[in-house]
Amino acid sequence: MNFIKDFAMEAVATGILMILVITSRIIISKLVRRFARTTHRIEHRTNLVIKYMLLLTTILATIALIIIWGVQTNDIIIAISSITTVVGVAMFAQWSILSNITSGIILFFSFPFKIGDVIRIHDKDFPIEAEIEDIRAFHVALKTKEGERIIYPNNLLFQKGIAIMKTHFEDHEFVD
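Described in the following lines is the structure provided in the data block.

About the cut-offs
Residues numbered from 1 in each chain as written. Predicted model: local features only at pLDDT ≥ 70, side-chain atom pairs only at ≥ 80, totals over all residues. Heavy atoms only, no water. 1 Å grid on protein atoms, 1.4 Å probe; cavity = no way out; pocket = protein on both sides within 12 Å on 5 of 7 lines; lining within 4 Å. Points joined across faces, edges and corners; volume = space filled by probe spheres on them. Helix = DSSP H or I, 4+ residues; strand = E, 2+ residues; numbered from the N terminus. Nonpolar A, V, L, I, M, F, W, Y, C, P; charged D, E, K, R; others polar. Core = buried A, V, L, I, M, F, W, Y, C linked by side-chain atoms within 4.5 Å. Buried < 20%, exposed > 50% of the residue type's maximum accessible area, 1.4 Å probe, protein only. Contact = heavy atoms within 4.5 Å.

**Quick look at empty space enclosed by the protein**
Next, step 1: Here the structure, examined in full by the defined rule, presents 1 cavity of 30 Å³ or more.
Next, step 2: Considering only enclosed or pocket space, the largest cavity measures out at about 60 Å³ in volume.
Next, step 3: Around the largest cavity sit 10 residues that line it, and R45, L48, G104, R136 and A137 are the ones nearest its centre.
Next, step 4: Looking at the lining of the largest cavity, the elements with two or more residues in it are α3 (43-68) and α5 (95-110).
Next, step 5: Ranked by residue count, the leading element in the lining of the largest cavity is α3, at 4 residues.
Next, step 6: Residues of the lining of the largest cavity, tallied by class, amount to 7 nonpolar, 1 polar and 2 charged.

And the structure:
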């Protein structure tokens with residue numbers, strides 16, 4: 001009985017937080033899907049963005065629960081700094097994964113090109129002109145006029161100049 005009296009406010013706050021989390025997850029999903037529908041985005045890209053947004057919501061809710069239940073601020077700071085240090089060291093070696101995920105989200109919302117567009121990547125060492133076959137969270141699948149498939153990382157699309165060509169590749173033979 002003392003437990004209920006001692007922690008009634010925390011239990012009520014936790015219940016309210018859970019209702020807010022469930023509501024915000026539903027609203028976020030609907031808003032992203034509506035945005036994708038009105039801008040004709042691709043479904044699997046929409047699902048990826050929703051997963052990222054729901055993960056962020058879960059992390060924020062966990063932090064709120066820690067605060068609600070009165071974990072000491074110093075303990076939170078020590079735990080977060082320890083976790084951040086470990087994750088930072090681990091991710092330093094994997095920075096390209098994070099930059100590709102971030103680039104994939106930016107590509108989803110800015111959407112400068114779409115599947116079927118022919119693009120030219122201006123790279124002095126390895127210029128590419130290819131048609132976009134698929135856009136994923138980490139990479140873009142390209143197909144050249146010669147039929148070569150190229151998997152190009154999303155973060156490099158932001159580092160190189162890109163030209164969107166007016167014509168699409170067609171499957172026909174060229175005759176002189």
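**Digging into the nonpolar core**
General note: in soluble globular proteins, nonpolar side chains tend to be found buried as a group.
Next, step 1: By size, the foremost hydrophobic cluster in this structure holds 13 residues, and its most contacted members are F113, I121, I128, I132, L142, Y152 and L157.
Next, step 2: For this core, the secondary-structure elements that each account for two or more residues are β1 (118-122), β2 (128-135), β3 (139-144) and β4 (149-153).
Next, step 3: Broken down by element, the residue count for this core peaks at 4 residues, all from β2.
Next, step 4: Those residues in contact with F113 that lie beyond four places of it in its chain are L107, I119, I132, I135, L157 and I164.
Next, step 5: Counting residues in hydrophobic clusters, the runner-up holds 5 residues, among them I28, V32, V49 and I50.

Function cannot be inferred from these measures alone, as they are strictly geometric.
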